[in-house]
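The residues making up each chain are set out below.
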Amino acid sequence: MYQLLDTIPDNKIAYIIGYIQGLTTTERDIPNAETLAAFAEVDEMKKTGSAQSFNNLDDLWASLEE
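Thresholds, definitions, all that
Residues numbered from 1 in each chain as written. Predicted model: local features only at pLDDT ≥ 70, side-chain atom pairs only at ≥ 80, totals over all residues. Heavy atoms only, no water. Helix = DSSP H or I, 4+ residues; strand = E, 2+ residues; numbered from the N terminus. Rg over C-alpha atoms; globule rule 2.2 N^0.38 Å. Buried < 20%, exposed > 50% of the residue type's maximum accessible area, 1.4 Å probe, protein only. Areas by Shrake-Rupley, 256 points an atom, 1.4 Å probe, with all protein chains shown as cover. Lys, Arg positive; Asp, Glu negative; His and termini not counted. Charge placed at Lys NZ, Arg CZ, Asp CG, Glu CD. Patch = residues over 30% accessible without salt bridge, like charges linked within 9 Å, V, L, I, M, F, W, Y side chains within 5 Å. Salt bridge = Lys/Arg side-chain N within 4 Å of Asp/Glu carboxyl O. pLDDT = per-residue confidence, 0-100. Polar contact = N/O pair within 3.5 Å; in protein donor to acceptor, adjacent residues only side chain to side chain. Expected span 1.5 Å × (residues − 1). Contact = heavy atoms within 4.5 Å.

### Observations concerning the overall build of the protein
Consideration 1: Broken down by element type, the protein carries four helices and zero strands.
Consideration 2: Radius of gyration (C-alpha) of the protein: 21 Å, far over the 11 Å computed for a compact globule of 66 residues.
Consideration 3: Per-residue burial for the protein yields a buried fraction of 3% across its 66 residues.
Consideration 4: Carbon and sulfur atoms make up 56% of the accessible area of the protein, which totals about 6,500 Å².
Consideration 5: Across the protein, 4 positive and 12 negative side-chain charges occur, with their mean positions spaced 11 Å apart.

In C-alpha cells:
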C-alpha cells in the first residue's frame, strides 16, 4: 500500500487521501433526527414552492436577523 502511495505525485496526494477518508463511515457521518427533519422540510418546500426567495444578499441577511 505504501509503495502505491509513493507513486502518486505530491500535488495529487491530498485528493487521494480525501477520497480514502470519504470511504470510511463513522457515527458522526450519520445525520441525527434534527438534520433529517430539516432535510424533510427542504424537500417539502421544494414540492410546494413555499420557500422564500431573495433578489439580493441584503434581503437574505435581513431575513436571517428576524
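Back to the text.
### With respect to a nonpolar patch on the surface
Consideration 1: Taken together, the side chains of Tyr19, Ile20 and Leu23 make up a nonpolar region of the molecular surface, amounting to roughly 330 Å² of accessible area.
Consideration 2: With respect to the helices and strands, Ile20 occurs in helix H2 (residues 10-23).

### Focus: the confidence of the model for the protein
Consideration 1: Looking at the protein, pLDDT values average 85 and 92% of them are 70 or higher.
Consideration 2: Per-element confidence in the protein ranges from a low mean pLDDT of 81 for helix H1 (residues 2-6) to a high of 91 for helix H3 (residues 33-48).

### Some details on the environment of Leu57
Consideration 1: By the secondary structure assignment, Leu57 is in helix H4 (residues 57-65).
Consideration 2: A C-alpha to C-alpha distance of 47 Å links Leu57 and Leu4, two positions 53 residues apart in sequence.

### Examining the environment of Ser50
Consideration 1: With respect to the helices, strands and loops of the structure, Ser50 is situated in the loop between H3 and H4.
Consideration 2: Separated by 27 residues in sequence, Ser50 and Leu23 have C-alpha atoms that sit 36 Å apart.
Consideration 3: Polar side-chain contacts of Ser50 include one of 3.0 Å to the side chain of Thr48.

### Considerations on H3
Consideration 1: Taking 1.5 Å of rise per residue, the 16 residues of H3 would be expected to cover 22 Å, and the 23 Å separating its terminal C-alpha atoms lies within 8% of that figure.
Consideration 2: Looking one or two residues past H3, Gly49 carries a phi angle of roughly 70°, positive in sign.

### So, the side chain of Ser63
Consideration 1: Following the sequence through the fold, Ser63 ends up in helix H4.
Consideration 2: A relative accessible area of 17% means that Ser63 is categorised as buried.
Consideration 3: Within the local environment of Ser63, its side chain forms a polar contact with the backbone oxygen of Leu60, the two atoms lying 2.7 Å apart.
Consideration 4: Dropping the residues within four chain positions of it, Ser63 is found in contact with Gln52 and Phe54.

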